[in-house]
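Chain by chain, the residues:
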Amino acid sequence: MTTTFPINPPAPAALLLPEPGPVTLHVNGQSIALTIAPWTTLLDALREHAHLSGTKKGCDHGQCGACTVLMNGTRINSCLSLAVMHQDDEITTIEGLAHGDELHPLQQAFIDHDAFQCGYCTPGQLCSAVGLLSEGHARTAEEIRELMSGNICRCAAYPHIVSAIQEVMHAQPLRP
Amino acid sequence: MLTEATDPIATRFIAGGTNLLDLMKQQVEQPAKLVDINRLPLSAITELPNGGLRLGALVTNADTAYHPLVQGRYPLLAQTILAGASPQLRNKATNGGNLMQRTRCYYFYDVATPCNKRMPGSGCGALGGYNRVCGILGTSESCIATHPSDMCVALAALEAVVQVSGPHGERTIPMADFHRLPGNEPHRDNTLLPGELITAIDLPAQGFAQHYTYLKLRDRTSYAFALVSVAVGLELTDGLITQARLALGGVAHKPWRRPAAEAMLVGQPAEPETYRAVVQSLLAGSRGYDHNAFKIELAERAIVQALSQALNRSA
Ligand SMILES: Cc1cc2nc3c(=O)[nH]c(=O)nc-3n(C[C@H](O)[C@H](O)[C@H](O)COP(=O)(O)OP(=O)(O)OC[C@H]3O[C@@H](n4cnc5c(N)ncnc54)[C@H](O)[C@@H]3O)c2cc1C
Ligand code: SF4
Ligand code: FES
Ligand code: FES
């Protein structure tokens, strides 16, 4: 099928694409040297190149939160950032939350409260909840719901997610 | 570095990346080069000698909204930023990028359809299409898109000033002149020139911290763009309005203000009877399209609601 009107500027044809280059990420306390194209997102770098597939790709457009990771302790969507921009940052993914066999209190609380069904959104929910607690702006269930709204759960485990977070929030001093 | 960025197609600045990378994945934006500006020293919030506040272009939306001076003096701005996007996005999105974010018109995003903003001269898919999210004020035959930012609605109400640095030096652009109406050049969202960089946004001393509100109406209560939003700032003395600011989001190609409508509130008692004429003046000339005519009545009601909320707030 041909289009009769020009709808989009053509991609620059003879453009020389930059070669993949060295990018070093600091993930869960380890330095990881990668050779990747400069347009590789942090999410794709983690999943496809560093083989840390715990971080999930849901929408790839910042709309679902499945790709949430912590950047220097702050939660961000890894699908809307480039890996090459994070060489000076400490990235924490779901793989970095537990200490050995000891689960992060939020991980334990998610199990105790049955806060997931299929589990696809869960790594993002957990990293987001870690960020939420360290930000310290949520006190009530209402505030938790609002400040967890960047994480969509297709299975609608929302009420249990809120109660798991509430338990940890009220239980103990936080660790990053 | 600035000259690197003077070709609008070839090079783009990247700040948080939350809008640009999304548009690149959709092939709406196809820059050959990105210039990462994150190491520039534009990440501070500083007090100005005139009693105002300077927000660095690279301060994140979250750090801006939760900053004690913003919370204390400009709660309208804080409330407005926190009504937008999600916590993760606000942690990454920058103040400069927020001003520069592009429309959410479905046809702008879909490269299989015509769009004068994306490809000048190709036509407007939204005009005869599904235009529920489109504008009702200041539209043109070329484009009926809206500017999607919440933050910019508060910045317009507060009469913030954008600080810009470019190949030809530095200049300032008042918020009212920063974004533009589409006219027959809808590909130009704003008046920033190629190669110009936003360095900061200056807030005047007057913060309307006593009587303010941001009312955002949308399809779900969080994590959605505004269908209609209203930012209000009022000053009151002995029950009479002495100063009023009103800006609308979700209805036009720029935050929508009409100082004449605001002037009608001045000297008036803060009572609903005063509002009708103000609403009419602010929305004069509005026009609904096939799927968004509901926005006119929604805006009428939202303005009245927001004014009473702002009055009843006791800070
Ligand atoms: C799912 C989703 C929901 C959202 N919901 C909302 C919402 O409800 N309300 C809302 O207001 N916003 C919303 N947003 C938009 C978000 O606020 C913007 O994406 C963000 O503010 C852009 O900032 P950034 O730093 O990431 O910009 P980038 O993506 O880095 O840049 C965007 C544009 O700005 C240019 N630019 C960046 N900084 C400068 C500068 N200093 N000088 C000159 N040009 C510059 C870039 O070249 C680019 O063209 C949403 C976004 C997503 C993905
Ligand atoms: S309204 Fe504007 S952005 Fe939307 S399709 Fe028409 S020209 Fe493009
Ligand atoms: S994959 Fe990043 S937000 Fe959905
Ligand atoms: S548990 Fe299935 S998406 Fe959340």
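Criteria and cut-off values
Residues numbered from 1 in each chain as written. Chains lettered and ligands numbered in written order. Predicted model: local features only at pLDDT ≥ 70, side-chain atom pairs only at ≥ 80, totals over all residues. Heavy atoms only, no water. Helix = DSSP H or I, 4+ residues; strand = E, 2+ residues; numbered from the N terminus. Rg over C-alpha atoms; globule rule 2.2 N^0.38 Å. Buried < 20%, exposed > 50% of the residue type's maximum accessible area, 1.4 Å probe, protein only. Contact = heavy atoms within 4.5 Å. Areas by Shrake-Rupley, 256 points an atom, 1.4 Å probe, with all protein chains shown as cover. Lys, Arg positive; Asp, Glu negative; His and termini not counted. Charge placed at Lys NZ, Arg CZ, Asp CG, Glu CD. Near = heavy atom within 4 Å. Nonpolar A, V, L, I, M, F, W, Y, C, P; charged D, E, K, R; others polar. Phe/Tyr/Trp six-rings, centres within 6.5 Å; stacked < 30°, edge-to-face > 60°. Polar contact = N/O pair within 3.5 Å; in protein donor to acceptor, adjacent residues only side chain to side chain. Axes fitted to C-alpha atoms, helices over the stretch in contact; angles between N-to-C directions. Parallel < 35°, antiparallel > 145°, perpendicular 65-115°, else oblique. Left-handed = near helix turned anticlockwise from the far one by under 90°. Buried area = accessible area lost by both parts, 1.4 Å probe. Salt bridge = Lys/Arg side-chain N within 4 Å of Asp/Glu carboxyl O. Domains from an automatic or database assignment.

### Regarding the overall build of chain B
Helices and strands together make up the secondary structure of chain B, namely twelve helices and ten strands. The C-alpha atoms of chain B give a radius of gyration of 19 Å, which matches the 20 Å a tight globule of 315 residues would have. Considered along the principal axes of its C-alpha atoms, chain B spans approximately 60 × 50 × 35 Å. Within chain B, buried positions represent 57% of all 315 residues. Counted over contacts in chain B with a minimum sequence separation of 6, partners at least 24 positions apart contribute 62%. Here chain B displays about 12400 Å² of accessible surface, and carbon together with sulfur accounts for 52% of that area. The positive charge centre, built from 28 side chains, and the negative charge centre, built from 26, are 4 Å apart in chain B.

### Let's talk about the site of ligand 2
With respect to spatial proximity, 14 residues lie near ligand 2, and among them C105, C115, C124, C143 and I144 of chain B are the closest. Residues of the shell around ligand 2, tallied by class, amount to nine nonpolar, four polar and one charged.

### A word on the packing of aromatic side chains
Residue and element names in this part refer to chain B. Tallying each qualifying case throughout the model produces two aromatic pairs over all chains. Ring centres of Y106 and Y130 lie 6.2 Å apart, and the angle between their planes is 10°; this geometry places the pair in the stacked category. Highlighted residues: Y106 in helix α7 (residues 106–109) and Y130 in the loop between α7 and α8 (151–157), separated in sequence by 24 residues. A relative accessible area of 41% means that Y106 is categorised as partly exposed. Given the relative accessible area of 40%, Y130 is considered partly exposed. A centroid spacing of 6.2 Å and a plane angle of 80° characterise the contact between F108 and Y109, whose relative ring orientation is edge-to-face.

### Thoughts on the site of ligand 1
The environment of ligand 1 is made up of 37 residues, and the closest members are F13, G17, T18, T94 and D150 of chain B. Of the chains in the model, those with residues near ligand 1 are chains A and B. In this structure, an oxygen atom belonging to ligand 1 sits 2.6 Å away from a main-chain N or O atom of F13 of chain B. Taking 980 Å² as the accessible area of ligand 1 by itself, protein coverage stands at 96%. Going through the elements one at a time, β1 (11–14), α6 (95–100) and β7 (197–203) of chain B are the ones with two or more residues in the shell around ligand 1.

### Quick notes on the packing of helix α2 (residues 105–112) of chain A against helix α5 (residues 158–171) of chain A
The geometry of a pair of packed helices is captured by two quantities: the angle between their axes and the separation between those axes. All names here are of chain A. The geometry of α2 relative to α5 is characterised by a closest axis approach of 9 Å and an angle of 135° between their N-to-C directions. Accordingly, the angle class assigned to the pair α2 and α5 is oblique. When the axes of α2 and α5 are compared, the crossing they make is right-handed. Taking contact as the criterion, the partners of P105, L106, A109 and F110 in α2 are, on α5, I161, A164, I165, E167 and V168. Here the residues of the contact of α2 with α5 are counted per class, giving eight nonpolar, no polar and one charged.

### So, the interface of chain B and chain A
Between chain B and chain A, the residue contacts involve 37 residues of the former and 36 residues of the latter. Of all residues in chain B, K25, Q88 and Y223 of chain B give up the largest surface area on contact with chain A, accounting jointly for 23% of the area buried on that side. A salt bridge links R39 of chain B to D88 of chain A, with the shortest nitrogen-to-oxygen separation between them at 2.9 Å. For the side of chain B that touches chain A, the secondary structure elements donating two or more residues are α1 (20–25), β2 (33–36) and α5 (87–92) of chain B. Counting residues per element, the side of chain B that touches chain A draws most heavily on α5 of chain B, which supplies six residues.

### Notes on the domain arrangement of chain A
Residue and element names in this part refer to chain A. Each assigned domain of chain A is listed here: domain 1 (21–96) and domain 2 (105–171). Relative to domain 2, the C-alpha centre of domain 1 lies at a distance of 21 Å. Counting residues at the interface gives 16 residues for domain 1 and 17 residues for domain 2. Counting each side, the surface lost to burial between domain 1 and domain 2 is near 1200 Å², with a carbon and sulfur contribution of 55%. Our count for the contact surface shared by domain 1 and domain 2 stands at one salt bridge. With its nearest N and O atoms 2.8 Å apart, the salt bridge here joins R75 to E135. Along the contact surface separating domain 1 from domain 2 lie seven residue pairs in polar contact (both at pLDDT 80 or more). Along the lines of polarity and charge, the residues of the side of domain 1 that touches domain 2 split into five nonpolar, eight polar and three charged.

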